[in-house]
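In case you want the letters, here they are:
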Amino acid sequence: MERARQLLRDLVAINSINPSLVPGAPGEGEAAACLADCLRESGLDVTITDVAPGRPNVVGVLEGAQPGPTLLLCGHLDTVGVEGMTDPFVPVERDGRLYGRGTQDMKAGVAACVGAARQLAAEGLSRGRLIVAGVVDEEYASLGAEALVRDWRADGAVITEPTDLSVGVAHKGFAWLEINAHGRAAHGSRPEEGKDAILAMGRVLGVLERFDQELRARPTHPLLGSGSLHASTITGGTEASVYPALCRLLIERRTLPGEDGARALHEVEQMLAVLRTNDPEFTADVRLVVERAGYDLDPAAELPQQLIVAGRARGLEARVAGMSYWTDAAILGGAGIPTVIFGPRGAGLHSTVEYVELASVDECAYTLAALARQFLG
């Protein structure tokens, strides 16, 4: 496992911020090269494919002696930005934890995949095939996962996002919606000529707040709870003495499996229609910006049950759980690959202090290897 831990340190030391989130960021190229080298060293056949310029997926394959099922272990190589962090790319080990950007989300999970693959490569696979994939762009549009499922097939998959070593079988989706409230620009001293778009948006915000309360009161998913909604960003106006002609609001609607962006869009369109009925001068429109589906797998299915057995054999609780965040599991599952989420313990997702517990990275790798032995027969 020391080689897997060293890979984790090396990956954290590499700036792989997603350039779609932070313009000018370098992306995943250097991290992909680092992962590819370690996979080759571990005995896997490696394929590197550019998903976008300078942004490659890395896929390592370990073939068994006999044909059999395929298990995919997958993690993403990109990270969010580092604003407010001190030395984010200097991995610091303290009290059994490794600190730095990407330690928990999710370079530790990638390292655990490689740790499992190294164990299996050393033993030799008697049957089936193990694939280890490092993909790009999960933090924005998941171009990497979408390319992966176009090019590769598997009978089961594990996304090693951080789950505190629980077995994740479900996660929420999301829809980003942009609302534009329209006014009329005029000098601040002439209210009869102006129309305030920001005050109009205030009415929208009040309706959205009530709708979020309604969402939380609805029947819940057994593992995911309720859907939710929040206002993310708002902009409007040009200067103090001018009536604002436009106010723009971005909202995020967290969805449950079975809900989609079209539903979220329709919900907001209905709210705006009510406001227009109450005030014919109210003008606003909404559009769907991005949507990602939720994910749900039967906990009694073969893959999660095998992972539970593998984890408990190592003394882990390995409880079934639902994840509040979105993952590439929805894309793999949507392509017909039964997928679970299983990763190390840590804290600080997208925050200024991020860490992973190193012992849990080892446990994750050992458990993944045990799962592979079961799944591949």
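See above for the structure.
Per-chain numbering applies: the sequence of each chain, read as written, is numbered from 1 onward. Given that this is a predicted model, residues contribute local features only at a pLDDT of at least 70 and side-chain atom pairs are listed and counted only at 80 or more, while totals for whole chains, interfaces and linings are drawn from all residues. Heavy atoms throughout the structure, all of them, feed into the side-chain values; hydrogens and water do not.

**A word on the overall build of the chain**
Each helix corresponds to a stretch of at least 4 residues labelled H or I by DSSP, and each strand to a stretch of at least 2 residues labelled E; elements are numbered beginning at the N terminus. A tally of regular secondary structure across the chain gives 9 helices and 17 strands. For the chain, the C-alpha radius of gyration of 23 Å lies close to 21 Å, the compact-globule estimate for 377 residues. Structurally, the chain occupies a C-alpha span of about 80 × 40 × 40 Å along its principal axes. The buried label applies to any residue whose accessible area, calculated with a 1.4 Å probe on protein chains only, is under 20% of its type's maximum; exposed applies above 50%, and partly exposed to all values in between. Within the chain, buried positions represent 54% of all 377 residues. For the chain, the accessible surface area stands at approximately 15,800 Å², while carbon and sulfur atoms represent 50% of it. Here the radius of gyration uses the C-alpha set of atoms, whereas the globule reference equals 2.2 Å times the residue count to the power 0.38. Every accessible area reported is derived by Shrake-Rupley at a probe size of 1.4 Å, with residue values counting cover from the shown protein chains alone.

**Some points on the sheet that holds strand β12 (residues 284-292)**
Pairing is antiparallel in the open sheet, where 4 strands are placed in the order β10-β11-β9-β12. Of all the strands in the sheet, just β10 (228-236) and β12 have a single pairing partner and so form its edges. Taken pair by pair, the neighbouring strands of this sheet meet at an average axis angle of 20 degrees, ignoring direction. It only takes one pair of heavy atoms within 4.5 Å for two residues to be counted as in contact. Orientation is described by axes fitted as lines to C-alpha atoms, over the contacting stretch for helices, and by angles from 0 to 180 degrees between their N-to-C directions. Sheet contacts for helix α6 (residues 261-278): β9 (173-182), β11 (246-255) and β12; angle to β12, the most-contacted strand, approximately 165 degrees. Being paired, for any two strands, means DSSP has found at least two bridges between them.

**Focus on the sheet that holds strand β5 (residues 97-99)**
One open sheet holds the 4 strands; their spatial order is β4-β5-β17-β16, and the pairing between them is antiparallel. Looking at which strands have only one partner, the edges of the open sheet turn out to be β4 (92-94) and β16 (346-347). Relative to β5, helix α1 (residues 2-12) is tilted by about 20 degrees, and along the sheet it contacts β4, β5 and β17 (355-357). On top of the sheet, helix α3 (residues 103-123) reaches β5, β16 and β17; it is set at about 45 degrees to β17, its chief contact.

**Details of a nonpolar patch on the surface**
Patch definition: residues above 30% relative accessible area lacking any salt bridge, with like charges linked at up to 9 Å and the nonpolar side chains Val, Leu, Ile, Met, Phe, Trp and Tyr linked at up to 5 Å. Should a side-chain nitrogen of Lys or Arg be within 4 Å of a carboxyl oxygen of Asp or Glu, the pair is scored as a salt bridge. There is a patch of nonpolar side chains on the surface, built from L21, V22 and Y140 and spanning about 220 Å² of accessible area. Considering the arrangement of structural elements, one finds L21 in the loop between α1 and α2 (29-41).

**Thoughts on the pattern of salt bridges**
All told, the structure shown has 25 salt bridges when counted by the stated rule. R5 is the partner of D362 in a salt bridge, and the nearest nitrogen-oxygen pair spans 2.7 Å. Here the residue D362 occupies a position in helix α9 (residues 358-376), and R5 occupies one in helix α1, the gap between them amounting to 357 residues. Exposure remark for D362: the relative accessible area of 14% places this residue in the buried category. Between R55 and D137 there is a salt bridge, with its nearest N and O atoms 3.4 Å apart. Taken together, the residues R55 in strand β2 (residues 55-63) and D137 in the loop between β6 (127-135) and α4 (143-151) connect sequence positions 82 residues apart. Given the relative accessible area of 0%, D137 is considered buried. One salt-bridge network, in which partners are shared between bridges, spans E214, R218, R253, E259, R263 and E267.

**A look at the packing of helix α5 (residues 197-217) against α6**
Two elements in contact, α5 and α6, have axes separated by 11 Å at closest approach and are oriented at 130 degrees. By the angle class used here, α5 and α6 are oblique. Judged by the sense of rotation from one axis to the other, the crossing of α5 with α6 is right-handed. Counted together, R203, V204, V207, L208 and F211 of α5 and E267, M271, L272 and L275 of α6 form the full contact between these two elements. In this count, Pro and Cys sit with the nonpolar residues alongside Ala, Val, Leu, Ile, Met, Phe, Trp and Tyr, while Asp, Glu, Lys and Arg are called charged and the others, Gly among them, polar. Considering only residue class, the contact of α5 with α6 consists of 7 nonpolar, no polar and 2 charged. Should an angle lie under 35 degrees it is considered roughly parallel, over 145 roughly antiparallel, and from 65 to 115 roughly perpendicular; all remaining angles are considered oblique. It is the rotation of the near helix from the far one that decides the hand of a crossing: anticlockwise by less than a right angle makes it left-handed, clockwise makes it right-handed.

**Digging into the packing of α1 against α3**
Here α1 crosses α3 at 150 degrees, and the two axes come no closer than 8 Å. In this structure, α1 crosses over α3, and the sense of that crossing is right-handed. For the pair formed by α1 and α3, the contact residues are R3, A4, L7, L8, L11 and V12 on the first element and T103, K107, A108, V110, A111, V114, G115 and R118 on the second.

**Details of the pairing of strand β8 (residues 167-171)**
In terms of burial, β8 is a largely internal element, 5 of the 5 residues being buried. Relative to strand β14 (residues 320-323), β8 runs parallel, the two sharing 4 bridges. Across the sheet, G168 pairs through a bridge with A321, a residue of β14. Pairing between β8 and strand β13 (residues 295-296): 2 bridges, direction antiparallel.

**Things to note about the nonpolar core**
Among the nonpolar cores identified, the biggest contains 82 residues, and L8, L71, L72, L73, L130 and F342 are the most heavily contacted of them. Here this core takes 11 residues from α9, the largest share from any one element. Not counting chain neighbours up to four residues away, the residues in contact with L71 comprise R129, L130, I131, G156, A157, L303, L371, A372, F375 and L376. In plain words, nonpolar cores are sets of buried Ala, Val, Leu, Ile, Met, Phe, Trp, Tyr and Cys residues tied together by side-chain atoms within 4.5 Å. Grouped together as the second largest cluster of nonpolar side chains are 25 residues, A200, M201, L249 and L272 included.

**Overview of the environment of R203**
By the element assignment, R203 lies in helix α5. A relative accessible area of 38% places R203 in the partly exposed class. Sequence separation between R203 and H266 is 63 residues, and the spatial gap between their C-alpha atoms is 18 Å. What R203 contacts, discounting residues up to four positions off in sequence, is L275, D279 and F282. Engagement of the side chain of R203 in a polar contact is seen with the side chain of D279, the distance being 2.8 Å. Here a polar contact is recorded for every N or O atom pair within 3.5 Å, except that within protein the pair must consist of a potential hydrogen donor and a potential acceptor, and residues adjacent in sequence are included only if both atoms are side-chain atoms.

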